[in-house]
Amino acid sequence: MSVVKFLELSAQSSQGYEDAIKQAVERASSTLRGIQSVWVKEFEAVVENDKVTQFRVNLKISFLLLEGAGGS
């Protein structure tokens, strides 16, 4: 049996939404194994002096829970 867990994260980038998503996955993968997918729930932008300066995403990352040493 496989069990998947979801983790909510927020990330931002001055380069764009895609970069913010990539940064979130890269950061999460430094401590999580078995990442399966990403679901972007919200997009947001920071505006300063009439210009977009930061791109933010709120997302859920799903990852497979690893079996324990005694698990089947």
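Keep in mind that this is a model prediction, so the values were computed, not measured.

Draft legend 1. Highlighting a nonpolar patch on the surface. A cluster of nonpolar residues, Met1, Val3 and Leu65, forms a patch on the protein surface that exposes about 320 Å² of accessible area. You can see Leu65 is positioned in the segment after β3 (51-64).

Draft legend 2. Summary view of the nonpolar core. Counting residues in each nonpolar core, the largest one holds 9 residues, listed as Ala11, Ala20, Ala24, Ala28, Leu32, Val57, Leu59, Ile61 and Phe63. Contributing elements (two or more residues each) for this core: α1 (17-29) and β3. Top contributing element to this core by residue count: β3, with 4 residues. Setting aside residues no more than four positions away along its own chain, Leu32 makes contact with Leu7 and Phe63.

Draft legend 3. Fine view of the sheet that holds β3. Reading across from one edge, β1-β3-β2 is the order of the 3 strands in this open sheet, with antiparallel pairing throughout. In the strand order of this sheet, the two ends are held by β1 (4-13) and β2 (35-48), each with one partner. Taken pair by pair, the neighbouring strands of this sheet meet at an average axis angle of 15°, ignoring direction. Two elements, β1 and β3, share 10 bridges in a ladder whose sense is antiparallel. Note that in β3 the partner of Ser10 across the bridge is Asn58. Strands β1, β2 and β3 of the sheet are contacted by α1, whose axis makes an angle of about 40° with β3.

Draft legend 4. Here's a closer look at α1. Helix length check: α1, at 13 residues, gives a terminal C-alpha distance of 18 Å against a target of 18 Å (1.5 Å per residue), a fit within 8%. Those residues of α1 that sit buried are Ala20, Ala24 and Ala28. In an axial view of α1, the angular spread of the buried residues amounts to 65°, which keeps them on one side of the axis. Of the residues in α1, the exposed ones pointing more than 90 degrees away from the buried face are Glu18 and Glu26. Tucked into the core, α1 has its buried residues touching β1, β2 and β3.

About the cut-offs
- Residues numbered from 1 in each chain as written.
- Predicted model: local features only at pLDDT ≥ 70, side-chain atom pairs only at ≥ 80, totals over all residues.
- Heavy atoms only, no water.
- Patch = residues over 30% accessible without salt bridge, like charges linked within 9 Å, V, L, I, M, F, W, Y side chains within 5 Å.
- Areas by Shrake-Rupley, 256 points an atom, 1.4 Å probe, with all protein chains shown as cover.
- Salt bridge = Lys/Arg side-chain N within 4 Å of Asp/Glu carboxyl O.
- Helix = DSSP H or I, 4+ residues; strand = E, 2+ residues; numbered from the N terminus.
- Core = buried A, V, L, I, M, F, W, Y, C linked by side-chain atoms within 4.5 Å.
- Buried < 20%, exposed > 50% of the residue type's maximum accessible area, 1.4 Å probe, protein only.
- Contact = heavy atoms within 4.5 Å.
- Pairing = 2+ DSSP bridges.
- Axes fitted to C-alpha atoms, helices over the stretch in contact; angles between N-to-C directions.
- Expected span 1.5 Å × (residues − 1).
- Arc of directions from axis to C-beta.

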